[in-house]
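Residue-level structural notes
The primary structure of each chain is shown beneath.
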Amino acid sequence: MSDQTPQVSNDKENVHVVGAQLQSNGYHDSLPPCNSEKMIQEFLQLPSSKAVDDHLVEFSEAMRTVAKALRRVSEGKASAQAEAAEWKRLYELERERNLQQKKKGELTEHIKHYSDLGNTAIEQTDRCCGKHGICSHEVLQDDTMVSKSKFLQDLATRKAPFKLLWGCNGGKNGQHKHDIVSFEKGNITTAARSSKQISLKWESHPQTVLILTKPNSTPVHILCAEMVRWLRDIKKLDVIVEPRVKAELLAENSYFSFVKTWEDDDEILLLHTKVDLIITLGGDGTVLWAASMFKGPVPPVVPFSLGSLGFMTPFQSELYRDSLDTILRGPISITLRHRLQCYVIRESAKDELDTEEPILVLNDVTIDRGMSSFLTYLECYCDNTFVTSVQGDGLILSTTSGSTAYSLAAGGSMVHPQVPGILFTPICPHSLSFRPLILPEYVTLRVQVPFNSRGHVWASFDGKDRKQLSAGDALICSMAHWPVPTACLVDSTNDFLRSIHEGLHWNLRKSQSLDGLR
């Protein structure tokens with residue numbers, strides 16, 4: 001008892017002290033002394049451990065939240081540093097390759113080789129452009145006006161000559177040069193270089209014909225057998241068909257034993273050295289299949305319409321004898337259909353030359369999200385210049401021949417197939433201002449899947465050869481060196497306009513009635 005007495009007295013003293021402080025702060029009237037002393041006594045008797053524990057829990061939760069935020073920041077910083085290091089590595093490789101190309105001195109040798117041709121062209125241009133059209137200096141410079149203008153007489157009588165060098169980025173290892181034209185008077189004209197209708201004239205009579213057919217079609221099989229007989233008996237030509245077609249012909253009649261075919265894929269690579277003409281029996285898909293068989297030069301293609309689509313198949317199967325007579329005799333109009341050459345570079349590649357097997361496409365390359373529920377996220381570059389980021393269902397890189405295919409359905413323009421260009425068309429973009437582009441044929445496009453992409457994307461080439469692209473992978477597309485020459489029924493423009501009228505019923509509507517006075 002003696003030990004507890006001092007403690008109680010101390011508590012009472014503290015109560016009086018607190019009460020005195022409350023009275024000094026103006027609480028004397030609001031709280032009676034007896035009640036305040038009782039409340040303070042109860043407060044002093046409350047356990048303090050529970051309040052302290054609650055504060056510690058709240059503090060620990062706050063610290064956990066801060067730690068999570070710091071961890072996210074550090075992960076994002078590490079990812080950004082890794083991506084920056086990768087782009088720096090690629091930039092160094094590109095710069096080193098450009099320096100090596102400059103050291104080779106190819107430009108000097110090429111200019112020296114064509115300088116005589118350029119001087120000859122200058123002399124011809126000074127006289128007259130002849131069949132190529134009106135000369136540019138005749139249009140831009142009027143001798144009568146010059147003689148009357150003292151201002152022009154006071155100026156130098158000779159303009160500084162210059163040369164234009166045509167080049168492109170279609171090569172895998174960079175730019176290459178293919179033409180040089182000199183302009184003595186300093187005026188530029190495209191009269192002699194305008195793209196006209198292209199004709200093909202045989203220097204010797206064709207000897208070998210390759211026939212490619214649409215599979216699992218009875219009308220195609222009947223026409224193929226009849227055409228093979230006619231080409232062999234009447235035209236005295238060697239006929240090559242696919243192994244499947246030869247087996248079908250031999251099962252029908254042993255007469256077709258003269259038909260040739262190939263044994264393995266290595267022989268397909270040499271077909272262009274033996275075949276003078278390709279005949280396709282089917283739709284546009286058969287033309288795509290024929291183009292995919294040739295990785296380099298492609299012989300002229302004569303496409304007969306026996307399918308559901310006819311944008312590239314102007315010839316009617318019922319008139320095949322008259323059509324082939326005209327084509328074998330020549331000359332004929334052709335359309336040079338450009339192709340895209342595509343490479344896939346994986347994130348694990350050592351450098352940009354470490355690519356997968358190149359793929360040639362005649363229509364388009366489609367990059368989509370596949371079965372993923374996330375939007376595609378792609379970064380697009382044109383000749384190492386950033387173009388845009390694609391967020392949507394995907395992207396289409398199309399040739400002008402493929403402008404009437406998937407690109408048209410996605411909102412792209414219809415383009416004449418002989419216009420050399422690459423169509424850049426988004427698929428359902430998540431942006432109202434994302435409009436399609438048409439880029440020149442010499443550019444190189446790079447579509448990169450960034451490291452912070454939420455899912456994979458898939459790339460398909462002319463509707464097949466589907467490949468998965470993961471974060472860090474890239475797709476490189478440029479114009480291929482070898483186009484696909486297809487024979488025209490009339491000419492390239494006539495065939496193109498007829499195909500969109502008949503295949504798409506383009507701008508077909510009822511005419512307005514004529515009301516009122518005539």
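Throughout, a residue's number is its position along its own chain's written sequence, starting from 1. This being a predicted model, a pLDDT of at least 70 is required before a residue's local features are given, and a value of 80 or more before pairs of side-chain atoms are given or counted; all residues contribute to the totals for chains, interfaces and linings. Only hydrogens and water are removed before side-chain values are computed, so all heavy atoms of the structure are retained for them.

Okay, the environment of Val302 next. If you trace the backbone, Val302 turns up in strand β7 (residues 301-305). Think of it in three bands: with a 1.4 Å probe and only protein chains considered, a residue is buried below 20% of the maximum accessible area for its type, exposed above 50%, and partly exposed in between. A relative accessible area of 1% places Val302 in the buried class. Beyond its immediate chain neighbours, meaning those up to four positions away, Val302 contacts Leu277, Ile278, Ile279, Thr280, Phe315, Leu324, Ile327 and Ala487. Strands are runs of DSSP state E lasting at least 2 residues, helices are runs of H or I lasting at least 4, and numbering of each runs from the N terminus. Note on definitions: a residue-residue contact is assigned when non-hydrogen atoms from the two residues lie within 4.5 Å.

Of the residues in the protein chain, 70% have a pLDDT of 70 or more, and the chain-wide mean is 78. The quantity known as pLDDT measures the predictor's confidence residue by residue, on a range of 0 to 100. Low confidence marks residues 1-12, where pLDDT is under 50. Its contacts with residues over four positions away, or in another chain, come to zero contacts. Under a pLDDT of 50 for its full length, residues 21-31 has, in the predicted model, six contacts with residues more than four places off or in other chains.

Another aspect to go through is the nonpolar core. One finds Ile211, Met227 and Leu231 to be the most contacted residues of the largest nonpolar core, which totals 33 residues. Those elements that place two or more of their residues in this core are β4 (208-213), α8 (218-233), β5 (238-241), α9 (243-252), β6 (277-282), β7, α12 (320-329) and β9 (332-337). With eight residues, the single largest contributor to this core is α8. Contact partners of Leu231, with chain neighbours within four places excluded, come to Val209, Ile211, Lys236, Leu237, Val239, Ile279 and Leu324. In this structure, Leu445, Val457, Leu469 and Cys477 belong to the second largest nonpolar core, which totals 28 residues. As used here, the term nonpolar core means buried Ala, Val, Leu, Ile, Met, Phe, Trp, Tyr and Cys residues forming a set that is joined through side-chain atoms within 4.5 Å.

Before going further, it helps to examine empty space enclosed by the protein. A cavity here means a set of 1 Å grid points, computed over protein atoms only, where a 1.4 Å probe fits but cannot escape. A pocket is an open set with protein on both sides within 12 Å along at least 5 of 7 lines, and lining residues have an atom within 4 Å of a point. Grid points are joined across faces, edges and corners, and a volume is the space filled by probe spheres set on the points. Tallying each qualifying case throughout the model produces three cavities of 30 Å³ or more. For the lining of the largest cavity, the elements supplying multiple residues, two or more each, are β9, β21 (484-487) and α14 (492-504). With five residues, α14 is the largest single contributor of residues to the lining of the largest cavity. Residues are grouped as follows: nonpolar covers Ala, Val, Leu, Ile, Met, Phe, Trp, Tyr, Cys and Pro; charged covers Asp, Glu, Lys and Arg; every other residue, Gly included, is treated as polar. Each residue belonging to the lining of the largest cavity can be placed in one class, and the counts come to nine nonpolar, 10 polar and three charged. Volume-wise, the second largest cavity comes out at about 100 Å³. Of all elements in the fold, only α3 (49-104) and β17 (444-448) reach the threshold of two or more residues within the lining of the second largest cavity. Broken down by element, the lining of the second largest cavity gets its largest block of residues, three residues, from α3. Of the residues assigned to the lining of the second largest cavity, the class counts are five nonpolar, two polar and eight charged.

A cluster of like negative charges, contributed by Glu263, Asp264, Asp265, Asp266 and Glu267, occupies part of the molecular surface. If you trace the backbone, Asp264 turns up in the loop between α9 and α10 (265-268). Judged by relative accessible area, Asp264 falls into the partly exposed class, the value being 37%. Patch construction takes residues with relative accessible area above 30% that form no salt bridge. Like charges are linked within 9 Å, and nonpolar side chains (Val, Leu, Ile, Met, Phe, Trp, Tyr) are linked within 5 Å. For every accessible area listed, the method is Shrake-Rupley and the probe measures 1.4 Å; residues are considered covered only by the protein chains on display. Salt bridges are identified by distance alone: a Lys or Arg side-chain nitrogen within 4 Å of an Asp or Glu carboxyl oxygen. By the counting rule applied here, Lys and Arg register as positive and Asp and Glu as negative, while His and the ends of each chain are not counted. Lysine's charge is taken at NZ, arginine's at CZ, aspartate's at CG and glutamate's at CD.

Let us look at α12. Of all the positions in α12, only Tyr320, Ser323, Leu324, Ile327 and Leu328 are classed as buried. Mapping the buried residues of α12 onto a view down its axis gives an arc of 125°, with all of them on the same face. Away from its buried face, by an angle of more than 90 degrees, α12 presents the exposed residues Asp322 and Arg329. Tucked inside the fold, the buried residues of α12 contact α8, β6, β7, β8 (315-316), β9 and β21. The directions from the helix axis to the C-beta atoms form the arc being described.

All chains considered together, the criterion is met by 10 salt bridges. When the shortest N-O distance is used, the salt bridge between Arg244 and Glu242 registers 3.5 Å. According to the relative accessible area criterion, Arg244 is partly exposed, its value standing at 31%. The salt bridge involving Arg466 is made with Asp368; its shortest N-O contact spans 2.7 Å. You can see Arg466 sitting in strand β19 (residues 464-469) and its partner Asp368 sitting in strand β12 (residues 364-368), a full 98 residues away along the chain. On the basis of relative accessible area, Arg466 is assigned to the partly exposed category, the value being 44%. Accessibility expressed as a relative area gives 14% for Asp368, which makes it buried. Look at the salt bridges and you will find they share partners, linking Glu242, Arg244 and Glu248 into a network.

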